[in-house]
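# Understanding the architecture of this molecule
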Amino acid sequence: MAAARPEILRNPFDPNWLLHSFRRRWILATGLGLLVGALFAGLVWWAAPAKSSAVALLELASVKPSVDYVLTKVRGRTVDYNTYRATQLSAIKSRYVLSSALRQQGIAELASVRAEQSDPVVWLQDELEVKFAEREGELMQVLLKLENGNDARLLVDAVIDAYIADVVDEEK
């Protein structure tokens, strides 16, 4: 004859029983909950390394600050401001600008760049976030998140310098 199953396995789940059990063993339940929570928090902290961010803001004026200049011009053509903004977003993440940034003194030797064995330019294109702070705003935000905050700052500065030298100064 088969042994009878315990009563707790024969009956359906009862929330009142669970509450009554917790009332009897609240110290044990609270201690185990704190222990499991602390272990889980430690595991998450260890498994997910913190990243530092470097942010730069660039102003793309919709109108050149002078009295006689009315329309924005790019390479001799008159364009609307939204087209100009989209062009600048593409230009700052272009292979040309990022290659120029990585060629600057000391940038190729950064630990974050050296860790990317295959193609640092493609890696930088993937990691670099470029967007406008507001939909109709004139501030372009350049953001890079890396584990090493100093590397992120130096890379963002190099990208901004390369963008100004290779794109902005070339348009003048």
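Refer to the structure above for everything that follows.
Read on for an overview of the structure. (Residues numbered from 1 in each chain as written. Predicted model: local features only at pLDDT ≥ 70, side-chain atom pairs only at ≥ 80, totals over all residues. Heavy atoms only, no water.)

### A closer look at the environment of Pro49
To keep things clear, this is the line we draw: Each helix is a run of DSSP H or I of at least 4 residues and each strand a run of E of at least 2, with the numbering of both proceeding from the N terminus. To sort residues, take the accessible area from a 1.4 Å probe on protein chains only and compare it with the maximum for the residue type: under 20% means buried, over 50% means exposed, and anything in between is partly exposed.
Residue placement: Pro49 occurs in the loop between helix H3 (26–47) and strand S1 (52–59). What makes Pro49 partly exposed here is its relative accessible area of 47%. C-alpha separation for the pair Pro49 and Glu147, spaced 98 residues apart in sequence, amounts to 7.2 Å.

### So, the nonpolar core
Note the cut-off: Put simply, a nonpolar core is a bunch of buried Ala, Val, Leu, Ile, Met, Phe, Trp, Tyr and Cys residues held in one set by side-chain atoms that sit within 4.5 Å of each other. We call two residues in contact when some of their heavy atoms are within 4.5 Å.
By size, the foremost hydrophobic cluster in this structure holds 34 residues, and its most contacted members are Ile92, Leu124, Met140, Val142, Leu144, Leu155 and Tyr163. Of all the secondary structure elements, the ones that give two or more residues to this core are S1, helix H4 (81–92), helix H5 (95–102), helix H7 (120–127), strand S4 (129–132), strand S5 (139–146) and helix H8 (149–171). Element by element, the count of residues in this core is highest for H8, at 9 residues. The contact partners of Leu155, leaving out residues within four places of it in the chain, are Leu102, Ile107, Leu110, Val113, Trp123, Leu124, Leu144 and Leu146.

### Digging into the environment of Leu128
Tracing the backbone shows Leu128 in the loop between H7 and S4. Of the residues examined, Leu128 reaches a relative accessible area of 2% and is grouped as buried. Placed 27 residues apart in sequence, Leu128 and Leu155 show a C-alpha to C-alpha distance of 9.5 Å. With sequence-adjacent residues up to four places away left out, Leu128 is seen in contact with Lys93, Leu98, Val142, Leu143, Leu144 and Val159.

### A short note on the packing of aromatic side chains
The relative placement of two aromatic rings is captured by the distance of their centres and the angle of their planes. Our working rule: Pairing of aromatic rings covers Phe, Tyr and Trp, the last counted by its six-membered ring, and requires centre-to-centre distances within 6.5 Å; plane angles under 30 degrees mean stacked, over 60 mean edge-to-face, and any other angle means tilted. Definition used: whenever NZ (Lys) or CZ (Arg) falls within 6 Å of the ring centre and also within 35 degrees of the ring normal, the charge is taken to sit over that ring.
Applying the stated criterion across every chain, the model contains 0 aromatic pairs. If you follow Arg85 out to its NZ or CZ, it ends over the ring of Phe132, 3.9 Å from the centre.

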